[in-house]
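For reference, the chains in residue letters:
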Amino acid sequence: VAPSMAAPTCRPTPACATHSRPQRCALSYEPVAFNTSRRPCVWLGGECLPGQLDDCPEHWAPGLSDYYGEETAFERVCGPGADKYHCPGYTLALLQYAARHAQALRRRHPPEGMSHTRVLVIRDHWRNVGMGFMPGQIRDMVHLGMATGMHVYFENYGRYDWQRYFYGHGGASFRWTPARERLWRRRFRSDGVKEPTVVEVKHEDNSGLGDDEWEASLLSALSNASVRWIVLNGWATTVSFQRVRRIRSR
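Just so we're clear, the structure is a prediction, and the values are computed from it rather than from any experiment.

What counts as what
Residues numbered from 1 in each chain as written. Predicted model: local features only at pLDDT ≥ 70, side-chain atom pairs only at ≥ 80, totals over all residues. Heavy atoms only, no water. Helix = DSSP H or I, 4+ residues; strand = E, 2+ residues; numbered from the N terminus. Contact = heavy atoms within 4.5 Å. Buried < 20%, exposed > 50% of the residue type's maximum accessible area, 1.4 Å probe, protein only. Arc of directions from axis to C-beta.

In this fold, Arg107 is placed in the loop between helix 3 (90-106) and strand 4 (119-124). C-alpha of Arg107 to C-alpha of Pro22: the two residues are 85 residues apart in sequence and 9.9 Å apart in space. Setting aside chain neighbours within four positions, we find Arg107 in contact with Gly45, Gly46 and Arg187.

Set out below in structure tokens:
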């Protein structure tokens with residue numbers, strides 16, 4: 001993820017259903033002032049639908065997040081010219097994953113076909129956790145998506161929303177929004193998956209709610225290819241792919 005300094009790239013359009021082509025619907029992606037009480041049009045699942053600003057594509061401009069030289073360093077270490085001791089080809093793999101992720105939202109069907117599609121939604125309260133902690137956890141789960149081909153999304157429902165301040169490299173958007181949830185719910189139900197498998201992290205408010213062994217429960221769901229839609233409800237969760245891998249190796 002990189003710091004987000006771009007203005008929103010959607011504008012309201014009165015009648016979304018009248019736009020039968022992506023190009024017409026995409027007119028709402030012009031950076032103009034907007035009335036937040038009106039909803040912009042977004043192209044989802046092969047049609048133009050009412051959405052919200054979080055559904056709009058991020059305006060990506062290379063170099064925009066290079067205030068401290070972090071983007072230049074990232075390209076040097078992980079770009080096409082990186083040596084074998086770093087991570088050559090990583091940026092290309094990330095951009096390819098982001099492109100497939102975006103195609104799954106725009107097209108009528110995901111590129112791999114619904115029967116092979118898996119989705120992981122991570123909802124988190126981020127209670128008592130600062131902004132510097134979050135990107136590392138997000139990185140680990142995006143790596144999980146890249147390694148498995150799962151479509152990974154994030155939703156923040158607490159005090160801090162890191163997605164207001166960071167965006168994905170190349171303009172990748174992993175936000176879980178009401179419009180995207182409706183799209184995936186409709187797709188899964190048409191494919192026989194009525195509801196997601198929910199893993200509830202143990203709450204830290206002495207309520208007794210949640211699962212003490214949530215990491216093992218998450219691993220069980222991830223390891224079962226027939227579990228195709230997973231929702232992880234977190235609570236300042238350290239969603240560590242590295243720790244989940246260690247659990248698996250025990």
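Inspection of helix 6 (residues 214-223) places Trp214, Glu215, Leu218, Leu219, Ala221 and Leu222 among the buried residues, and these make up the whole buried set. When helix 6 is viewed along its axis, its buried side chains cluster within an angular range of 165 degrees and face the same direction.

This next bit is on the side chain of Thr91. As for its placement among the helices and strands, Thr91 is situated in helix 3. Overall, Thr91 belongs to the buried group, its relative accessible area being 5%.

Looking now at the side chain of Asn156. Take Asn156: it is sitting in strand 5 (residues 151-156). Relative accessible area serves as the criterion here: at 14%, Asn156 is assigned to the buried category. For Asn156, the residues in contact, after removing those within four places along its chain, are Asp124, Trp126, Asp161, Trp162 and Gln163.

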